[in-house]
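# Structural description and commentary
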Amino acid sequence: MDLQENMILLNQSVPNKTAAIRLAGKLLVDAGCVEPEYVDAMIARDQDVSTYMGNFIAIPHGTDEGKKHIKKTGISVVQIPMGVDFSEDAATDNTVTVVFGIAGLNNEHLDILSQIALYCSNIDNVAKLADAQSPKEIIDLLKEVEN
Amino acid sequence: MSQNTATADKPKTSLKAKVQKFGTFLSGMIMPNIAAIIAWGLVTALFLNPGGWFPSPTFIKLSAPMLSYLLPLLIGYTGGKMVDDERGGIVGGIATIGAVVGSSVPMFLGAMIMGPLGGWCMKKIDDMFQAKIKSGFEMIYNNFSAGILGMLLAMLAQVVVGPFVDAGTNFMASGVDWIISIHALPLANLFIEPAKILFLNNAIGNGILVPLGIQTASKVGKSVLFLLESNPGPGIGVLLAFCFFGKGSAKSSAPGAAIIQFFGGIHEIYFPYIMMKPSLFLAVMAGGVSGTFTFQLLDAGLKAAASPGSIIAVLLMTPKGSYVGVIAGVLVAAIVSFLISAFILKRDKSDPDADDFAGQQAAVQEMKAESKGQTNTASTSTLDYKDVQKVIFACDAGMGSSAMGASLLRDKFKKAGLENVPVTNMAVRNLKDEPGLLVVTQKELSERAQQKAPHAIDVSVDNFMNSPRYDEIVANLKVASQEKIDDGVQPTTQAVNATPASDVAEINFDLVAEIDFIHHDQHTGSATMATSLLKEQLAKAGKKTTVKRVSIDDVADETDRLVISTPETIKNLKSRYTNVQALAVADLQDKKLSEVVKNVK
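Residues numbered from 1 in each chain as written. Chains lettered and ligands numbered in written order. Predicted model: local features only at pLDDT ≥ 70, side-chain atom pairs only at ≥ 80, totals over all residues. Heavy atoms only, no water.

### Quick word on the overall build of chain B
Secondary structure assignment for chain B yields 24 helices and eight strands. Put simply, chain B has 601 residues, and 51% of those count as buried. Accessible surface computed for chain B: about 27,700 Å², of which carbon and sulfur atoms make up 62%. (Helix = DSSP H or I, 4+ residues; strand = E, 2+ residues; numbered from the N terminus. Buried < 20%, exposed > 50% of the residue type's maximum accessible area, 1.4 Å probe, protein only. Areas by Shrake-Rupley, 256 points an atom, 1.4 Å probe, with all protein chains shown as cover.)

### Observations regarding the nonpolar core
Counting 78 residues, the largest nonpolar core has Phe100 of chain A together with Val391, Phe413, Val440 and Ile515 of chain B as its most contacted members. In terms of residue count, helix α3 (residues 110–120) of chain A provides more of this core than any other element does, eight residues in total. Of the residues that make up this core, three or more belong to each of domain 3 (374–494) and domain 4 (502–599) of chain B. Core analysis: the next-biggest nonpolar cluster, separate from the first, contains 67 residues, Leu67, Phe108, Phe226 and Phe262 of chain B among them. (Core = buried A, V, L, I, M, F, W, Y, C linked by side-chain atoms within 4.5 Å. Domains from an automatic or database assignment.)

### Describing helix α2 (residues 36–48) of chain A
Over its 13 residues, α2 of chain A runs 19 Å from end to end, which matches the ideal 18 Å to within 8%, given 1.5 Å per residue. Regarding α2 of chain A, the residues found buried are Tyr38, Val39, Ala41, Met42, Ile43, Arg45 and Asp46 of chain A. In this structure, the buried residues of α2 of chain A make contact with α1 (17–30), β2 (52–54) and β5 (95–103) of chain A together with β1 (390–395), α18 (401–415) and β3 (437–442) of chain B. (Expected span 1.5 Å × (residues − 1). Contact = heavy atoms within 4.5 Å.)

### A short note on the sheet that holds β5 of chain A
Residues and elements named next belong to chain A. If you walk across this open sheet you meet the five strands as β1-β4-β5-β3-β2, and the pairing is mixed. Strands at the two margins of the open sheet, each flanked by one partner only, are β1 (8–9) and β2. Sheet topology note: the β2/strand β3 (residues 57–58) ladder contains two bridges and is antiparallel. By the bridge assignment, Gly54 is partnered in β3 with Ile57. (Pairing = 2+ DSSP bridges.)

### Looking at helix α15 (residues 323–347) of chain B
End to end, α15 of chain B covers 36 Å across 25 residues, agreeing with the expected 36 Å (1.5 Å per residue, within 8%). Residues of α15 of chain B that are buried include every one of Gly325, Val326, Gly329, Val330, Ala333, Ala334, Ser337, Ser341, Ala342, Ile344 and Leu345 of chain B, and no others.

### Topic: the side chain of Ser310 of chain B
All names here are of chain B. Along the chain, Ser310 falls in the loop between α13 (280–297) and α14 (311–316). Looking at Ser310, the relative accessible area reads 3%, which means it is buried. Looking at Ser310, its side chain comes within polar contact range of the main-chain nitrogen of Ile312, at 2.9 Å. Discounting residues that sit within four places of it in the chain, Ser310 has contacts with Phe262, Phe263, Gly264 and Gly265. (Polar contact = N/O pair within 3.5 Å; in protein donor to acceptor, adjacent residues only side chain to side chain.)

### Remarks on the packing of α1 of chain A against α2 of chain A
Residues and elements named next belong to chain A. Taken N-terminus to C-terminus, the directions of α1 and α2 make an angle of 145°; their axes are 9 Å apart at the nearest point. Along this stretch, α1 crosses α2, giving a crossing that reads as right-handed. Along the contact surface, α1 presents Lys17, Thr18, Ile21, Arg22, Gly25, Lys26, Leu28 and Val29, while α2 presents Pro36, Tyr38, Val39, Asp40, Met42, Ile43 and Asp46. Looking at side-chain class alone, the contact of α1 with α2 contains eight nonpolar, two polar and five charged residues. (Axes fitted to C-alpha atoms, helices over the stretch in contact; angles between N-to-C directions. Left-handed = near helix turned anticlockwise from the far one by under 90°. Nonpolar A, V, L, I, M, F, W, Y, C, P; charged D, E, K, R; others polar.)

### Let's talk about the packing of aromatic side chains
Residue and element names in this part refer to chain B. For the coordinates displayed, the defined rule picks out seven aromatic pairs over all chains. Ring geometry for Phe47 versus Phe59: centroids 5.1 Å apart, planes at 40°, classification tilted. Pair noted here: Phe47 is in helix α3 (residues 34–47) and Phe59 is in the loop between α3 and α4 (63–101), with a separation of twelve residues, a long-range link. In this structure Phe47 comes out as buried when scored by relative accessible area, which is 18%. (Phe/Tyr/Trp six-rings, centres within 6.5 Å; stacked < 30°, edge-to-face > 60°.)

### Some details on the interface of chain A and chain B
Across the boundary between the two partners, chain A contributes 48 residues, which contact 39 residues of chain B. Summed over both sides, the interface between chain A and chain B buries roughly 3,700 Å², with carbon and sulfur atoms accounting for 58% of that surface. Taken as a group, Met53, Met82 and Asp131 of chain A account for 16% of the area that chain A buries against chain B, more than any other trio of residues on that side. Linking chain A with chain B are six residue pairs in polar contact (both at pLDDT 80 or more), by the criterion used here. At the level of elements, α2, β2, β4 (74–85), β5, α3 and α4 (123–131) of chain A are the ones that each hand at least two residues to the side of chain A that touches chain B. Considering every element that reaches the side of chain A that touches chain B, the biggest residue donor is α3 of chain A, with eight residues. When the residues that make up the side of chain A that touches chain B are grouped by side-chain class, the tally is 22 nonpolar, 18 polar and eight charged. (Buried area = accessible area lost by both parts, 1.4 Å probe.)

### Notes on the side chain of Ser223 of chain B
Residues and elements named next belong to chain B. With respect to the element layout, Ser223 can be found in the loop between α8 (201–220) and α9 (225–230). Its relative accessible area of 3% is what places Ser223 among the buried residues. Within the structure, the side chain of Ser223 is placed 3.0 Å from the backbone nitrogen of Leu225, a separation counted as a polar contact.

### Topic: the sheet that holds strand β5 (residues 514–519) of chain B
The pairing of strands in a sheet comes from backbone hydrogen bonds and takes either a parallel or an antiparallel form. All names here are of chain B. Spatial ordering of the open sheet is given by β6-β5-β7-β8, a layout of four strands whose pairing is parallel. In this open sheet, the two edge strands, each paired with only one partner strand, are β6 (546–551) and β8 (581–584). On average, each strand axis in the sheet is inclined to that of its neighbour by 30°, with strand direction left out of account. Sheet strands touched by helix α22 (residues 524–541): β5 and β6. Its angle to β5, the strand with the most contacts, is close to 160°.

### Observations concerning the pairing of β5 of chain A
Residue and element names in this part refer to chain A. Within β5, nine of the nine residues are buried, which leaves the element mostly enclosed by the surrounding structure. Sheet topology places β3 next to β5; two bridges connect them, and they run parallel. Of the residues in β5, the one forming a bridge with Ala58 is Val99. As paired elements, β4 and β5 share eight bridges and run antiparallel to each other. Its bridge partner being in β5, Val77 is matched across the sheet by Phe100.

### A word on the UniProt feature "transmembrane region" (unreviewed entry) in chain B
Residue and element names in this part refer to chain B. Under the present numbering, the feature "transmembrane region" (unreviewed entry) in UniProt falls on residues 25–47, 90–119, 140–165, 171–192, 280–298 and 323–345. Secondary structure across residues 280–298 comprises 95% helix and 0% strand; the distance between its end C-alpha atoms is 27 Å. Structurally, residues 323–345 is divided into 100% helix and 0% strand, and its ends, taken at the C-alpha atoms, are 32 Å apart. (UniProt positions renumbered as here; feature names shortened; annotations may be inferred.)

### A short note on a nonpolar patch on the surface
A cluster of nonpolar side chains, contributed by Phe137, Ile140, Phe144, Ile148, Met151, Leu152 and Met155 of chain B, occupies part of the molecular surface with about 720 Å² of accessible area. Mapping Ile148 of chain B onto the fold places it in helix α6 (residues 138–181). (Patch = residues over 30% accessible without salt bridge, like charges linked within 9 Å, V, L, I, M, F, W, Y side chains within 5 Å. Salt bridge = Lys/Arg side-chain N within 4 Å of Asp/Glu carboxyl O.)

### Describing the confidence of the model for chain B
All names here are of chain B. With 82% of its residues at a pLDDT of 70 or more, chain B shows a mean pLDDT of 77. Confidence drops under a pLDDT of 50 for residues 1–12, and excluding neighbours within four residues, the segment shows 21 contacts in the predicted structure. Scoring of the predicted complex yields 0.45 for pTM and 0.74 for ipTM. (pLDDT = per-residue confidence, 0-100.)

Below is the structure:
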C-alpha cells in the first residue's frame, strides 16, 4: 500500500493527545478504512500503552479488540507543528509533531510502517516531516528510504 | 531426570526418560481434548437410539461425525500446535483429514501421527524460507506455504495411512480371531487392551466381537464376547490407582475421569493416563485377561452388545442368572488392574509423572534463572546472549509499535552482519516461552511479557524509535558471537553532519538567560522539536536556562537572549535585531547545540 495525499492533514493545532488521535482516526474513518468505533479503540490503546514512539512521533492504532472495526488497511498522517504532549504526566515531555494513524489488516501496512520507522529513526528527518508544506512533500520524504 | 529433558540435546538421555517424554507428548495431544471426548461420549451415552438413556434420532446424528471427524481433527491440531504453534496446528489439522478420509475407522492414531508430523514439516519449511521473504509478502507466504503443505500431507495421509491402519486393525483382529478359535478366550484381551488404547476399540468391538457375539447369542441367548471389549473393569482399576497414587493433575483429574469411564462408558478417557506411563499397559492387559477368565469360569455373558461400555449398559444387557458372573468379572478385572497399576505408580515414586515432570522442569529452570540474577536487562550478562536465537518485539496488538521497532532492529542487525538472528513482532498475548528468545517490549508491557515468556531475555524500552537498548542488543549479540563490532552499529544519532563550531566561540554564554528557537511558517515543527530536545538536554545536564519557541516577530532584542535557528533565518534576524546573540544551526543534531548545552548556565 502507499500513502495517499487525502490521508495527510498538515498544520494542525490540537489541545491534547486525544484530539490528535481523533484527527488521525477521523482521516481513517473518512477514507473508509475503519468504522468510527475504531477511533475509540485507538484512544483506549493509547491509554493502555502509550503509542508515543520517541523522536517526536506517535503511531496511534487500535487495540487487539478493535481490529474487528478495520475495513481495509490505511495509514493517516497528522502534522502538528506546534506539538502536542503524548505523556501521561506533567513531569515528562513526550512532544509529538507528527502523528501516524494506523489501521492494519493482514500485515499489509508493515512495509510502509517499516519505511516510516527507518526514516524517522533520524530525528532530522522527523523535523523535515514536521516542517513539510504539502502532503506530497511528506510522501516524497518518506520515499527517500528504500529498503 | 527433569534436567535430561531440559537440555534435550544432551546425548545421555536414558531410554526411560525418552519413553516418558514420548508418553508426555502423546498425552499432551489428548489431554486438552478430553472435553471434546466427553462431549461426544455424553451425546452417545444419552441419545443412542436404541440403547441410550434418552434415545433421540435427532441428537444421535452428532455422534458419528464427532467421533470420526471432530476428535481426530482436534487431536491433529493439538499435536501440530505442540510442535509449531498455531501454524503447525493448522497444518496438523489439514494433514489429519487425509488420515480420516483414508480409513474407515476413527482415526485417532492417524491424528496422533499426522498432527505432529504436519507441525514438524511446517517448522522445517519456515526455518528454510521465512528469513528470505520480502517484507509485505509475509501473509501471502504464510498462507500459501501452510495451505500447500497441508494439502500435500493430507493427500499423503489418505494414500498411506489408510492401508497402514487397516493392516494394523486386521492384525489385531486376526489375533483375536485366532485366540477365539483355539478357545483361549482370556488371552484375547492381550490384543484387545492395547488396541483399545490406540483407539482401535471400535474397530475390534464392532468389527469382530459383536458380529461373533450376535451369532452365539442367537443360539444360546447370551455371549461372553460382548464383554471382552466393553468390560469397564480394567480401565476403572487404572483410574482408581491414579486417584490414590497418582501425582499432579493426573491425580486430581482421575476421580472425574473414573466416573465418566465407569458410569458413562467412555473408555477413551483413560487412554491418556496409560500413555503417560506405558508400563500401565500391563495393568489393563492383566485386568482384562483375569476379567474374561472370571466371565468364562462363571459362564457369564450378555444378551447383546453393551454400548457404550458403561457398567449400567452392561448390567442392562445382562440376562437373569448371569448377574453374579458379570459383576464378579468386572470386579476381578478392576481389582487386578488396580493392584498392578498401584504397584507401578508407587514403584515409580522417585520418578515424577508427566505433569510434575513438566512442573519440575520449569522449577529447575526458574531456579537457574534466579541464581543468575534478575532477568532484567541491566544485569543480563552477555553470557545469556550466546543463547539468543531470535528476537521478538511484543506489543498489545502486534500491529504498530512492535512492527516499527522490529524494522529498526532488523535494519541494525543487517548493518551489523547479524542477519542470522530473525527479528519479528507479535501481540504480547501470543508470546510463547521458548529457548533462545529475546523479547523487546515497551516498559508498560514488560511484566506481561515476562509472565508469558519467563525464560526469555526481556529488554524493555521507553522509546521504540531510538532506544539505546537497540545498540546494546546489537553490541551484546556481537560480543556473544565473538566478532568485532564494526562501525555500522554506531547509533544514527552520532552520524552528525557538523558545521564548523567556530561561531559558538563568539557567543558570550555568561550573559545568556534564555534561549529562543525561532519558528515561522516553514519551520514550526522543527522549532517545536528543537525546543523540546534542548530543554531535555539542559535538564539532564542540570542547567537552568529557559528555552522558548518564539515567533520571529516577538524576539526581545536583549543581550541575554540566545536565538537559534536556521542560517537563513539568522541572516534575516540579524538585519532586524542588533542586541540579541544569534546562532545558526544546520539541523537538530548539529554539534553546536551540545556546545550550547555545555556552556550555558
